Amino acid sequence: MSQWHCYLKIAYYLALIGYHISDIVFDWIEFGSEVCDQGKFAGVPTNSTAVKRILGLSCGVGSLCSLAMVVVYLYYIDFHWKCSQNSGYCLINNARLTRDGLLNCSDDNQTRAPVCNRHFVLVELVISNFELYLKDDIQSVLLIYMYGVSQKDPSSVIQLDWRGILFAVCSIVANLKLCVCFTTKLFGLGSGEKMPECESTKHCCCLFGMIGSIIFEILSILYLALALSDLLTS
């Protein structure tokens with residue numbers, strides 16, 4: 001790949017790092033300010049200790065996963081930066097995989113190309129699944145649960161403000177981002193993402209994550225549509 005492609009990849013991973021850092025900050029602001037201080041979640045009043053604990057757990061797990069993903073992305077950035085300085089990649093078709101998962105070039109003209117540990121791809125998938133099921137999906141389910149509470153309890157009418165809308169939108173974006181991640185990894189659309197030594201494990205992680213992200217993406221969209229509909233008709 002050309003040097004500009006290396007820089008494009010670096011910009012992409014920098015954007016993902018920015019996303020994860022922003023996600024950590026927003027989650028804890030939402031949890032501390034709205035849930036703990038104002039006693040409501042996604043615009044629905046709640047004093048439920050269980051809701052607070054579950055949301056706090058999801059925020060904690062999400063923060064750990066985001067920090068781990070930042071480490072992975074920093075590794076990718078370092079690899080692509082080295083590639084840009086060496087004017088190219090070690091092409092997968094002309095490479096062999098060592099026992100420790102490192103990629104070595106068999107082409108003499110590419111022997112100076114950087115070596116990438118492709119096991120980071122599998123690490124990224126495992127962390128993404130933890131993030132999906134222990135953070136994003138928990139929050140998607142809570143959104144639907146709180147909407148159900150608002151329909152059953154007249155005192156818990158949805159008071160949807162910009163933060164509630166933003167939280168729902170962020171939930172949609174988070175599930176979409178993970179769905180794209182799992183899909184691209186499943187079909188090997190990224191450079192160097194094919195892993196012959198553990199391809200079946202990678203496929204299982206991708207399928208498991210892709211199915212979950214699609215299901216809970218629908219739930220998040222459903223909540224936002226229902227909440228906005230109630231807001232407009234009230």
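Residues numbered from 1 in each chain as written. Predicted model: local features only at pLDDT ≥ 70, side-chain atom pairs only at ≥ 80, totals over all residues. Heavy atoms only, no water.

1. Description of the overall build of the protein chain
(1) Moving on: On a plain count of helices and strands, the protein chain comes out with 5 helices and 4 strands.
(2) Moving on: Ordered by position in the sequence, the α and β elements of the protein chain form the string α-β-β-α-β-β-α-α-α.
(3) Moving on: Relative to its full complement of 234 residues, the protein chain shows a buried share of 47%.
(4) Moving on: Within the protein chain, contacts between residues separated by at least 24 positions form 77% of all contacts whose residues are at least 6 apart in sequence.
(5) Moving on: For the protein chain, the computed accessible surface area is about 11700 Å², with 67% contributed by carbon and sulfur atoms. (Helix = DSSP H or I, 4+ residues; strand = E, 2+ residues; numbered from the N terminus. Buried < 20%, exposed > 50% of the residue type's maximum accessible area, 1.4 Å probe, protein only. Contact = heavy atoms within 4.5 Å. Areas by Shrake-Rupley, 256 points an atom, 1.4 Å probe, with all protein chains shown as cover.)

2. Quick look at the side chain of Ser220
(1) Moving on: As for its placement among the helices and strands, Ser220 is situated in helix H5 (residues 199-233).
(2) Moving on: Apart from the residues within four sequence positions on either side, Ser220 is in contact with Ser140, Leu143, Ser171, Ile172 and Asn175.

3. Description of the side chain of Asp23
(1) Moving on: The topology assignment puts Asp23 in helix H1 (residues 3-37).
(2) Moving on: The exposure class of Asp23 is buried, given its relative accessible area of 8%.
(3) Moving on: Aside from chain neighbours lying at most four places away, what touches Asp23 is Ser66 and Lys135.

4. Quick look at the pattern of salt bridges
(1) Moving on: The full count for this structure, using the stated rule, is 5 salt bridges.
(2) Moving on: Between Lys135 and Asp27 there is a salt bridge, with the nearest N and O atoms lying 3.1 Å from each other. Note that Lys135 is positioned in helix H3 (residues 119-152) and Asp27 in helix H1, a separation of 108 residues in sequence. The residues Lys135 and Asp27 share a single accessibility class, namely buried.
(3) Moving on: A salt bridge links Asp78 to Lys82; the shortest N-O distance between them is 3.2 Å. Here Asp78 pairs with Lys82, and both are found in helix H2 (residues 49-85), just 4 residues apart, close to one helical turn.
(4) Moving on: Taking the relative accessible area as the measure of exposure, Asp78 reaches 36% and is therefore partly exposed.
(5) Moving on: Here the residues in one salt-bridge network are Asp23, Asp27, Lys135 and Asp136, joined through shared partners. (Salt bridge = Lys/Arg side-chain N within 4 Å of Asp/Glu carboxyl O.)

5. Considerations on a nonpolar patch on the surface
(1) Moving on: Nonpolar side chains collect at one region of the surface, where Ile21, Val25 and Ile29 lie side by side and expose about 260 Å² of accessible area between them.
(2) Moving on: With respect to the helices and strands, the residue Ile21 is situated in helix H1.
(3) Moving on: Ile21 gets classed as partly exposed once you look at its relative accessible area, which sits at 45%. (Patch = residues over 30% accessible without salt bridge, like charges linked within 9 Å, V, L, I, M, F, W, Y side chains within 5 Å.)

6. Looking at the environment of Phe167
(1) Moving on: In this fold, Phe167 is placed in helix H4 (residues 162-186).
(2) Moving on: Here Phe167 falls in the buried class, since its relative accessible area comes to 3%.
(3) Moving on: Distance in space between the C-alpha atoms of Phe167 and Glu30 is 8.0 Å, their sequence separation being 137 residues.
(4) Moving on: Excluding residues that lie within four positions of it along the chain, Phe167 makes contacts with Phe26, Asp27, Glu30, Phe41, Leu55, Gln139 and Leu143.

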